[in-house]
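Residues per chain, in single letters:
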Amino acid sequence: MSAPDEFEQIARLFRPLTRGAAEALDLMDDAAAIPSRPGFDLVVTKDALVAGVHFRPDDPPDIVARKLLRSNLSDLAAKGAEPYGYFLMTAWPPGFGWDQRQAFARGLDEDGLAYDVILLGGDTVSTPGPLVVSMTLMGWVPSGTMIRRSGAKAGDLLMVSGPIGDGWLDWGPGWGELDRRWLAEAHRLPNPRLDLRDPLRAHASAAADVSDGLVADASHIAQASGLGLRLDLERMPLSNPARAWLATQDDQAAALLRLATGGDDYEIVCTASAEHPDLKGLTVIGEMVEGGGIEVRVGDEIIDPGAGGWTHA
């Protein structure tokens with residue numbers, strides 16, 4: 001079945017995703033009109049996904065749509081923000097037909113309802129290259145309370161909210177019979193840690209989501225805060241599949257570094273006072289120190305972290 005023209009696609013695929021929000025103007029204008037919210041700041045983030053880079057070209061379109069939304073929600077979670085609405089860009093490649101586009105919209109509808117976010121506008125185009133989708137997501141925080149990368153202090157503990165390395169493992173590094181069902185769920189449908197919004201607002205001095213790799217994203221906090229970082233990879237939380245893979249590796253330090261630099265984990269790495277961390281359920285993996293530089297350890301061994309993760313160069 002051939003796809004309708006651009007405006008019919010907008011009407012049939014995307015207008016329902018506004019859920020009737022007045023500020024979306026039925027997607028019939030070139031812009032949205034977003035009302036102010038007294039006492040709050042608007043937090044804006046943007047992520048894009050490219051077939052063959054961020055997801056497999058044969059991944060179901062609804063799963064791609066949900067990952068797009070969830071990866072953006074992960075950025076808002078790290079800022080302590082309450083999700084609100086988004087702008088969407090889709091670049092459809094040849095062969096990405098009407099049924100696939102409908103499935104993509106259904107995925108956005110499902111998670112839009114689950115996370116209570118609305119579509120406000122965007123653009124849809126064609127491309128001769130792979131499928132590319134991009135989202136600009138907005139959320140609210142009480143004025144002046146957004147958790148920045150730059151707020152860490154020397155002596156703060158470095159913590160992470162959950163297992164690291166599953167996103168990288170799902171791409172298939174060659175671990176034979178390891179069951180991939182858990183890994184595929186973690187990679188393709190990450191769980192944005194919006195459940196941590198209130199504890200992070202109350203206790204975190206700095207935070208970032210782990211998308212580029214734990215080492216890289218922890219380093220971003222250190223650099224933005226003008227500090228150094230000590231990180232012990234042996235303290236890093238791992239899932240059971242990751243532990244099973246690790247047990248097969250001869251070089252444990254190199255294997256832990258692969259897990260810590262692979263990215264696509266969508267957990268939160270944050271800092272908090274060593275005296276009153278009070279972020280229950282998070283794992284302490286290091287500390288912030290005076291000066292600069294990054295010291296990555298596996299127990300007593302200092303290792304070279306390389307780039308630390310994705311550099312997007």
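From a predicted model like this one, the values you see are computed outputs, not experimental measurements. (Residues numbered from 1 in each chain as written. Predicted model: local features only at pLDDT ≥ 70, side-chain atom pairs only at ≥ 80, totals over all residues. Heavy atoms only, no water.)

Caption draft 1: Representation of the pattern of salt bridges within the structure. Under the defined criterion, the tally for this structure stands at 14 salt bridges. Residues Glu82 and Arg37 are paired through a salt bridge, measuring 3.3 Å at the closest nitrogen-oxygen approach. Of the two residues, Glu82 is situated in strand β2 (residues 82-92) and Arg37 in the loop between α1 (6-14) and β1 (40-50); the sequence distance between them amounts to 45 residues. On the basis of relative accessibility, which here comes to 30%, the residue Arg37 falls in the partly exposed class. Among the ionic pairs, Asp195 bridges to Arg193, the shortest N-O distance being 2.9 Å. Overall, Asp195 belongs to the exposed group, its relative accessible area being 52%. (Salt bridge = Lys/Arg side-chain N within 4 Å of Asp/Glu carboxyl O. Helix = DSSP H or I, 4+ residues; strand = E, 2+ residues; numbered from the N terminus. Buried < 20%, exposed > 50% of the residue type's maximum accessible area, 1.4 Å probe, protein only.)

Caption draft 2: Broad picture of the pairing of strand β4 (residues 132-142). Counting buried positions along β4 yields nine of 11 residues, so the element is predominantly enclosed. Judged from the 11 bridges that link them, β1 and β4 form a sheet pairing that is antiparallel. Looking across to β4, one finds that Lys46 is bridged to Thr136. As paired strands, β2 and β4 are joined by nine bridges and run antiparallel to one another. Bridging from a neighbouring strand, Glu82 pairs with Trp140 of β4. (Pairing = 2+ DSSP bridges.)

Caption draft 3: Structural detail: the sheet that holds strand β7 (residues 228-232). In space, the seven strands of this open sheet follow the order β6-β8-β5-β9-β7-β10-β11, with mixed pairing throughout. At either end of the open sheet lies a strand with only one pairing partner, and these are β6 (206-209) and β11 (301-303). Each strand of the sheet is rotated relative to its neighbour by a mean of 25 degrees, with strand direction disregarded. Note that strand β5 (residues 157-160) and strand β9 (residues 283-289) share four bridges and pair antiparallel. Paired with Met159 across the bridge in β9 is Val284. Across the sheet, helix α7 (residues 214-225) lies against β5, β6, β7, β8 (268-272), β9 and β10 (294-298), angled at about 35 degrees from β8, the strand it touches most. (Axes fitted to C-alpha atoms, helices over the stretch in contact; angles between N-to-C directions. Contact = heavy atoms within 4.5 Å.)

Caption draft 4: Summary view of the layout of surface pockets. Volume-wise, the second largest pocket comes out at about 380 Å³. Lining the second largest pocket are 21 residues; nearest its centre among them are Ile10, Leu27, Asp29, Gly121 and Gly122. Mapped onto the lining of the second largest pocket, the elements with two or more residues apiece are α1, β2 and β3 (118-126). Here the element with the most residues in the lining of the second largest pocket is β3; it accounts for six residues. Residues that form the lining of the second largest pocket fall into these classes: 12 nonpolar, four polar and five charged. (1 Å grid on protein atoms, 1.4 Å probe; cavity = no way out; pocket = protein on both sides within 12 Å on 5 of 7 lines; lining within 4 Å. Points joined across faces, edges and corners; volume = space filled by probe spheres on them. Nonpolar A, V, L, I, M, F, W, Y, C, P; charged D, E, K, R; others polar.)

Caption draft 5: Fine view of the packing of α1 against helix α3 (residues 98-115). Orientation of α1 relative to α3, taken along the N-to-C sense of each, is 45 degrees, at an axis distance of 9 Å. In terms of orientation, α1 lies oblique with respect to α3. Counting all contacts with α1, which are made through Gln9, Arg12, Leu13 and Phe14, the residues of α3 involved are Trp98, Arg101, Gln102 and Ala105. Across the contact of α1 with α3, the residue classes break down as four nonpolar, two polar and two charged. (Parallel < 35°, antiparallel > 145°, perpendicular 65-115°, else oblique.)

Caption draft 6: Here's a closer look at the sheet that holds β3. Overall, mixed pairing links the four strands, which are arranged β1-β4-β2-β3 in an open sheet. Every interior strand has two partners, whereas the edge strands, β1 and β3, have only one. Mean inter-strand twist for the sheet, computed between neighbouring axes without regard to direction, equals 15 degrees. Relative to β1, helix α2 (residues 61-78) is tilted by about 140 degrees, and along the sheet it contacts β1, β2 and β4.

Caption draft 7: Broad picture of the nonpolar core. Counting residues in each nonpolar core, the largest one holds 53 residues, and the members touching the most others are Phe14, Tyr86, Leu88, Phe104, Leu108 and Cys270. Elements that contribute at least two residues to this core include exactly α1, β1, α2, β2, α3, β3, β4 and β8. If one sorts the elements of this core by residue count, α2 sits on top with eight residues. Apart from residues lying up to four places away in sequence, Leu108 is in contact with Leu17, Ala65, Leu69, Tyr86, Leu88 and Met135. (Core = buried A, V, L, I, M, F, W, Y, C linked by side-chain atoms within 4.5 Å.)

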